[in-house]
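Coordinate inspection notes
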Amino acid sequence: MFDARFGAGASRRLGGVHERGRAVRLRRAALLPLGGGVRKECLGCDRQPGRGVGGEPAHLARRDHRRATGPFPTAPVISAVPVGRAWGAGMVARYLVSPHGGRRAHPDITSALAAAARRGRAALVEIAPGRYEEALTVQGEVQLAALGDPGSVVVSRSRGAVLDAFGSVQVHGLVLVGRDADVVGCHAGTLTLDHCDVRAHNGVSVHARPSTFVTLRDSVFLHGRALFSGANGLVERCRFTDATDNAVAVIEGADVSVRGSWIGGSMIHGLRVSGARAQVTGCELTGTGKAAVMADSQAELTVTDCAINAVHAEGIAFIEQSKGSVDDTRVFDAQHGIAVVSGADPVVRGCAFTECRDTGINVHTAGRGRFEDCEVFGAGNIAVFSTKGGAPEVHGCRISRGNVGIAVTDAGRGRFTRVGIEDLTSVALRVHDEARAVFEQVRVERCPSHLETRGNGGTTADVTDSVFRDFGMSAAEVLGQSRVTLKGVSAERGVVGFGVGEEAQLFLHDCDVAAVSSCGAVGFGKGRLVARNLTVTGSESLGLCGTDSARLDVMNSEFVDCATAGASFQGTSGGRLVDCSVTGTQGVAVQDNGRVDLVSLRTSLPVVEQTAKPVEPPPTIVNHYDGPVFNAEVHGAQLAWNNDNVIQQQNNEDGSST
């Protein structure tokens, strides 16, 4: 609202209107927002708007109005047409539609559009409340605006399309209802739906066709999807409810921005981007049947500051070589927080995946991706999962609660840096079955097992500059034929520090173990343990232990204050201790089974030789293949076969024998 008063003799041009020699008061000459309604108030008049035909000021035709405003007519200004143009040569023509008739009113929308088409000028069609059973074809520069309360103007058809737009079309405040078709279609030019309600039963709510631009703002869409096919688009502050397909589909090279909108209850995806581009910002998605946000067919998807919850499948999915980014987004109660599959490669930063029923981050089938500063809390199965050729890079991730922390399996790969893991019910780091994983600067606390590997010789894990604290069983357990290298790893407070068994291999460099209850490092089965600069301090039993047929090769290592022994070799295990030291005030230095080489051992504690028990020969088993066959129990029988002479002896009841 503003007032402009001009003194006598002043001259001003207001949208093409001259006023000379009088004070002119301008009341609320504000531009209508894009797609908005029209203010029924006058330029150059003091009078309040009344309730004339179609909501026009009742005094427009009165003589005193003409005296006050001069010989030029007044008209509302709409945002589709700039002020100068509206009041210049390209003046907007107004049409009123009222089912009850009235002065200069059209009985239906179609007739008003036909009249506008005949004049060939920019048109504003104002529609009085009512229900209109029509199929609208809008051409040229036209705005359709509902008069009255929201929802009071309903345009519907029992079947087929309701509105087809060609040109520059704006629709404000209408309810559009259709079935079995595209309810609203933009075939050429631009289309804006503002404060509209579109209900599509078994059809598409809005179809933006190639080379068009469609804007959806402050509108509600029920059942049908908004389809952008090769088009550009903007969706702001809209609500998509219970779509029978995807709520919003961006396909075939389209480019669409979705901002501040709510999407819920879609049978398939909330938003699908296929071979196209989309930017999703500040949106909430819930209750979708499949992935809430899906990028496929080499799509480009950007998701920022969104909330996704209670979805039946993935919160976000990138597949089929799609790329893009996800920033500051929260996923709660999804089957998988985010899935990256089949060559997709997104960048995910600052996101939280909370209480996902299966996995938080799931990368498989040659998926990649970089995940930075994310959090996975309370994952039902695995927090971060790489499998079947997946190869993520995870940096600065925090994992807590849940079952398994990071699992790399079935030829998966992964690099994990600055990851913190705590309070899990199972293993923190798992590498199985030809998988390869690299862990750097990892901190694990309060988990039953901190590192577990199992598989053939192609299964490897490298852990560098990491800390394992408060492990329920072991800091590292290496099994099968897997190979693990630990460099600069510290293990504190648990049962067993580092263990290798079966036919696996464990390499320790500059590692230390403290405050374990059983053993600092152990080899069992046919496992191989190679340690350089290993330090074990304060073990309640053994510092180093070999059992079964394990081989231990330990150099430049220290065993301090181990209660039972610094090193113990049992069974047929063997190896060597080179330039090692054992210090403390209790126990022995080495329990030697005669199969270990002690080279330059430094200790003040005794070395105890243990005599290995002789190995008992296996029992002799003789198999008879030509003997008789019994099909039932036989008692007191004497049997002989394959003999040249047989002597049979029988004991009589009187004790004599024959």
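Residues numbered from 1 in each chain as written. Predicted model: local features only at pLDDT ≥ 70, side-chain atom pairs only at ≥ 80, totals over all residues. Heavy atoms only, no water.

Quick notes on the overall build of the chain
To keep it simple, the criterion reads: Secondary structure elements follow DSSP: runs of H or I no shorter than four residues count as helices, runs of E no shorter than two count as strands, and numbering proceeds from the N terminus. Three labels apply to residues, based on accessible area from a 1.4 Å probe with only protein chains included: buried if under 20% of the type maximum, exposed if over 50%, partly exposed otherwise in between. In this analysis, two residues are considered to be in contact whenever any of their non-hydrogen atoms come within 4.5 Å of each other. Each accessible area is a Shrake-Rupley estimate made with a 1.4 Å probe; only the visible protein chains count as cover when residues are assessed.
Each helix and strand counted, the chain has 3 helices and 63 strands in total. Buried positions account for 49% of the 658 residues belonging to the chain. Considering only contacts within the chain whose residues lie at least 6 apart along the sequence, 31% involve residues at least 24 apart. When the accessible surface of the chain is summed, it comes to about 29,200 Å², and 48% of that surface belongs to carbon and sulfur atoms.

What to know about the packing of aromatic side chains
What counts is decided by this rule: Ring pairs shown here join Phe, Tyr and Trp side chains whose ring centres sit within 6.5 Å, with only the six-membered ring taken for Trp; geometry is labelled stacked below 30 degrees between planes, edge-to-face above 60, and tilted in between. Geometrically, a charge over a ring is one whose NZ (Lys) or CZ (Arg) sits within 6 Å of the ring centre while staying within 35 degrees of the ring normal.
With the rule as written, the count across this model stands at 2 aromatic pairs. Geometrically, the ring pair formed by Phe-221 and Phe-240 is stacked, given 4.9 Å between the ring centres and 10° between the ring planes. Within this pair, whereas Phe-221 is found in strand E15 (residues 220-222), its partner Phe-240 is found in strand E18 (residues 239-241), the two being separated by 19 residues in sequence. Assessed through its relative accessible area of 0%, Phe-221 is described here as buried. The class for Phe-240 is buried, based on a relative accessible area of 1%. Relative to Phe-439, the ring of Phe-416 lies with its centre 5.2 Å away and its plane at 20°, an arrangement referred to as stacked. Of the two residues, Phe-416 is situated in strand E41 (residues 413-417) and Phe-439 in strand E44 (residues 436-440); the sequence distance between them amounts to 23 residues. Each member of the pair, Phe-416 as well as Phe-439, is classed as buried. The ring of Trp-262 carries Arg-239 above its face, with NZ or CZ at 3.8 Å from the centroid.

Quick word on the side chain of Ser-474
Along the chain, Ser-474 falls in strand E47 (residues 467-478). When near neighbours in sequence (up to four residues on either side) are disregarded, Ser-474 contacts Pro-448, Ser-449, His-450, Val-496 and Gly-497.

Quick look at helix H3 (residues 109-119)
The criterion, for reference: Summarising the geometry, the arc corresponds to the directions from the helix axis toward the C-beta atoms. Side-chain atoms alone can form a polar contact between residues adjacent in sequence; in general such a contact is a pair of N or O atoms within 3.5 Å, and within protein one must be able to donate a hydrogen while the other accepts it.
Inspection of H3 places Ile-109, Ala-112, Leu-113, Ala-115 and Ala-116 among the buried residues, and these make up the whole buried set. Each buried residue of H3 lies within a common arc of 160° when the element is viewed along its axis, so the set occupies one face. In H3, the exposed positions angled more than 90 degrees off the buried face are occupied by Ala-117 and Arg-118. The elements touched by buried residues of H3 are strand E3 (93-97), strand E4 (105-106), strand E5 (123-127), strand E6 (130-133), strand E7 (136-146) and strand E8 (153-156). Capping of H3 at its N-terminal end is provided by Asp-108; its side-chain oxygen lies 3.4 Å from the backbone amide nitrogen of Thr-110. Looking one or two places after H3, you find Gly-120, whose phi comes out positive at around 70°.

What about the pairing of strand E60 (residues 588-592)?
Selection rule: We treat two strands as partners when DSSP finds at least two bridges between them.
Counting buried positions along E60 gives 5 out of 5 residues, so the element sits mostly inside the fold. Relative to E60, strand E57 (residues 565-569) runs parallel, the two being bridged by 3 bridges. Note that in E60 the partner of Ala-565 across the bridge is Val-588.

Description of unusual backbone geometry
For residues besides glycine, phi is generally negative; the peptide bonds are generally trans as well. Phi is positive for Asp-561, which is not a glycine, with a value near 55°. Structurally, Asp-561 is set in the loop between strand E56 (558-560) and E57.

Points about the environment of Ser-426
Among the secondary structure elements, Ser-426 is positioned in the loop between strand E42 (420-422) and strand E43 (427-432). Sequence separation of Ser-426 and Asn-403 is 23 residues, and the distance between their C-alpha atoms is 5.2 Å. Once residues lying within four places of it in the same chain are set aside, the contact partners of Ser-426 are Asn-403, Val-404, Cys-447, Pro-448 and Ser-449.

Comments concerning the pattern of salt bridges
Counted only if it meets this: By salt bridge we mean one thing: a side-chain nitrogen of Lys or Arg within 4 Å of a carboxyl oxygen of Asp or Glu.
Overall, the coordinates contain 30 salt bridges when judged by the stated rule. Asp-182 is the salt-bridge partner of Arg-209, the closest N and O atoms lying 3.1 Å from each other. With Arg-209 in the loop between strand E13 (204-208) and strand E14 (213-217) and Asp-182 in strand E11 (residues 182-194), this residue pair connects regions lying 27 residues apart in the sequence. Taking the relative accessible area as the measure of exposure, Arg-209 reaches 27% and is therefore partly exposed. The buried category is assigned to Asp-182, whose relative accessible area is 18%. Across the salt bridge formed by Glu-236 and Arg-259, the nearest N and O atoms sit 3.4 Å from each other. Taken together, the residues span a long stretch of sequence, with Glu-236 in strand E17 (residues 232-236) and Arg-259 in strand E20 (residues 255-259) at a distance of 23 residues. Note on Glu-236: relative accessible area 14%, which makes it buried. Residue classification places Arg-259 among the partly exposed positions, given a relative accessible area of 39%. Each of Glu-422, Asp-423, Arg-443, Glu-445 and Arg-446 takes part in a single network of salt bridges with overlapping partners.

What is shown is where atoms sit, not what they do.
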